[in-house]
Amino acid sequence: MSGTDKIGSRPGSPAARTASRRVVPPAGVRVVRGSAFVDPRDPDNGLGNPFAVVVSADVAALSTAQRQALARRTGAPETIFVDAVRRRNGLLCPSGYELDLTVLTPTGKALGACAHGFIGTVHALTQTGAITAGLDLLITTSSGGSARASLSSGGTVMLQFDSSEPLIAYGREQALEEIFHVPLPSLADGLPVLSVGSPKLTVEVTPGAFVRLQRQLDGLDYDRLMALQRELDVNGIHLFCRNDITGMPEHAIQTNAYLGRNLAVDRATGVSSAAQVSADPRIHAGRQLQVTQYTQTGRSAVLTLAKGEGRSVWVGGAANLLDHPTAHPGSS
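What comes next concerns the included structure. None of these values were measured; they are calculated from a predicted model.

Cut-offs applied
Residues numbered from 1 in each chain as written. Predicted model: local features only at pLDDT ≥ 70, side-chain atom pairs only at ≥ 80, totals over all residues. Heavy atoms only, no water. Phe/Tyr/Trp six-rings, centres within 6.5 Å; stacked < 30°, edge-to-face > 60°. Helix = DSSP H or I, 4+ residues; strand = E, 2+ residues; numbered from the N terminus. Buried < 20%, exposed > 50% of the residue type's maximum accessible area, 1.4 Å probe, protein only. Lys NZ or Arg CZ within 6 Å of the ring centre and 35° of its normal. Salt bridge = Lys/Arg side-chain N within 4 Å of Asp/Glu carboxyl O. Polar contact = N/O pair within 3.5 Å; in protein donor to acceptor, adjacent residues only side chain to side chain. Contact = heavy atoms within 4.5 Å. Pairing = 2+ DSSP bridges.

## Remarks on the packing of aromatic side chains
Phase 1: One pass over the structure, following the stated rule, counts 2 aromatic pairs.
Phase 2: Ring geometry for Phe118 against Phe161: centres 6.3 Å apart, planes inclined by 25 degrees, an arrangement best described as stacked. Taken together, the positions of Phe118 in helix α3 (residues 115-128) and Phe161 in strand β9 (residues 157-162) put the pair 43 residues apart, joining distant regions of the chain. There is no split in this pair, since Phe118 and Phe161 are both buried.
Phase 3: Taken together, a centroid distance of 5.8 Å and an interplanar angle of 75 degrees make the contact between Phe210 and Tyr294 edge-to-face. Here Tyr294 lies in strand β16 (residues 288-295) and Phe210 lies in helix α5 (residues 207-215), a separation of 84 residues in the sequence.
Phase 4: You can call Tyr294 buried: its relative accessible area is 16%.
Phase 5: Its end group placed over the ring of Tyr97, Arg87 keeps NZ or CZ at 5.2 Å from the ring centre.

## A word on the pattern of salt bridges
Phase 1: Inspection of every chain in the model, using the stated rule, returns 10 salt bridges.
Phase 2: In this structure, Asp83 and Arg67 form a salt bridge, with 2.8 Å as the shortest nitrogen-oxygen distance. In this pair, Asp83 is assigned in strand β4 (residues 79-88) and Arg67 in helix α2 (residues 64-74), connecting sequence segments 16 residues apart.
Phase 3: Among the residues examined, Asp83 registers a relative accessible area of 22% and is labelled partly exposed.
Phase 4: A relative accessible area of 10% means that Arg67 is categorised as buried.
Phase 5: Of the charged contacts, one joins Arg242 and Glu204 as a salt bridge, the two residues approaching to 2.9 Å between their closest N and O atoms. A residue pair is termed long-range when its members are at least 10 positions apart, and Arg242 in strand β13 (residues 237-242) and Glu204 in strand β12 (residues 200-204) qualify at 38 residues.
Phase 6: Of the residues examined, Arg242 reaches a relative accessible area of 10% and is grouped as buried.

## Points about the side chain of Thr102
Phase 1: Tracing the backbone shows Thr102 in strand β5 (residues 96-104).
Phase 2: For Thr102, a relative accessible area of 9% puts it in the buried group.
Phase 3: For Thr102, the side chain forms a polar contact with the side chain of Asp83, separated by 2.7 Å.
Phase 4: What Thr102 contacts, discounting residues up to four positions off in sequence, is Arg67, Thr79, Ile80, Phe81, Asp83 and Ser142.

## What about unusual backbone geometry?
Phase 1: The backbone of His181 shows a phi angle near 60 degrees, a positive value even though the residue is not glycine.
Phase 2: Residue class for His181 comes out partly exposed when judged on its relative accessible area of 42%.
Phase 3: A positive phi angle, close to 55 degrees, is found at Asp233, a residue other than glycine.
Phase 4: By the secondary structure assignment, Asp233 is in the loop between α6 (222-232) and β13.

## A look at the pairing of strand β18 (residues 312-321)
Along any regular strand the residues' side chains alternate between the sheet's two faces.
Phase 1: Across the 10 residues that make up β18, a large majority, 8, are buried.
Phase 2: Taken together, the 4 bridges between strand β2 (residues 29-38) and β18 define a ladder with antiparallel strand orientation. Across the sheet, residue Ser35 finds its bridge partner in β18, namely Asn320.
Phase 3: Alignment of β9 against β18, held across 6 bridges, turns out to be antiparallel. Residue pairing in the sheet places Asp162 in a bridge with Ser312 of β18.
Phase 4: Looking at chain direction, strand β17 (residues 298-307) and β18 are connected through 4 bridges and run antiparallel. Bridging across to β18, Leu305 finds its partner in Val315.
Phase 5: Once β17 ends, the chain turns through 4 residues before running back antiparallel as β18, passing Gly310 with a positive phi of about 60 degrees.

Treat this as a map of the structure, not an account of what it does.
Have a look at this one:
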């Protein structure tokens, strides 16, 4: 398939007869594919996290079953459905747009926020002409998440989130060691569940433990990970370590069983690092930093973050579309 795919089969064709035994979306639904959190100077260097954005006039009419089937089919960690694009000139979004989105994982889990998916959506809609670069956007999701966004002329999307009050989870030391097969620091004070729209259990480890953790990711216990996420009602586990000299967060690993067995180690998770930076008492308002994310094969993304006042936090990145879409039903 190309970067922009039409999903659907001709009535009466062999493919259509096979598809009749499963849920399929209407013909003409378009899927724009790409990767976000790429290096804009070298977008083909393998960094970034894949996304799929579903755009057409029929998206809002898709049933839950059709959306879940399409999210499984795209093969992306998250599939974003553009339910509505509205041009507004009001207090919430002056001289900009409002986007209504639905974010689904391959297992059908709806997410409140997805930074790389939001970034990919802004790029896809800009390419189609549905929105104009340089204007502000207010993004809301069907699961209650929200973010403000802007696309610079240089191609970087900056997302502004507001973090929630942290929660604390206790007594999960044994479960975590069974999942990751790596001894973790003392967790007697509990672990924070942090969120800017998608709650993550957040674990700080030493640099040495982080290296061992990366080596053990192929042996990740997926079933125990899923059980712990369901028990705590979180959308993943965020593990990070600090720079020995600066004390700032430097490296991160994110796991999420809702992405499926093959994608459980996420390539780039802006909302996890954003929530951690927002809650970090060592980071003062106005501080900008970069966090490198890893999978078992090495570096997978570089995230740019900035802490704002109060609970505000920014995360940004560029996107690379595999193909350039040429049409969109337009905005209202």
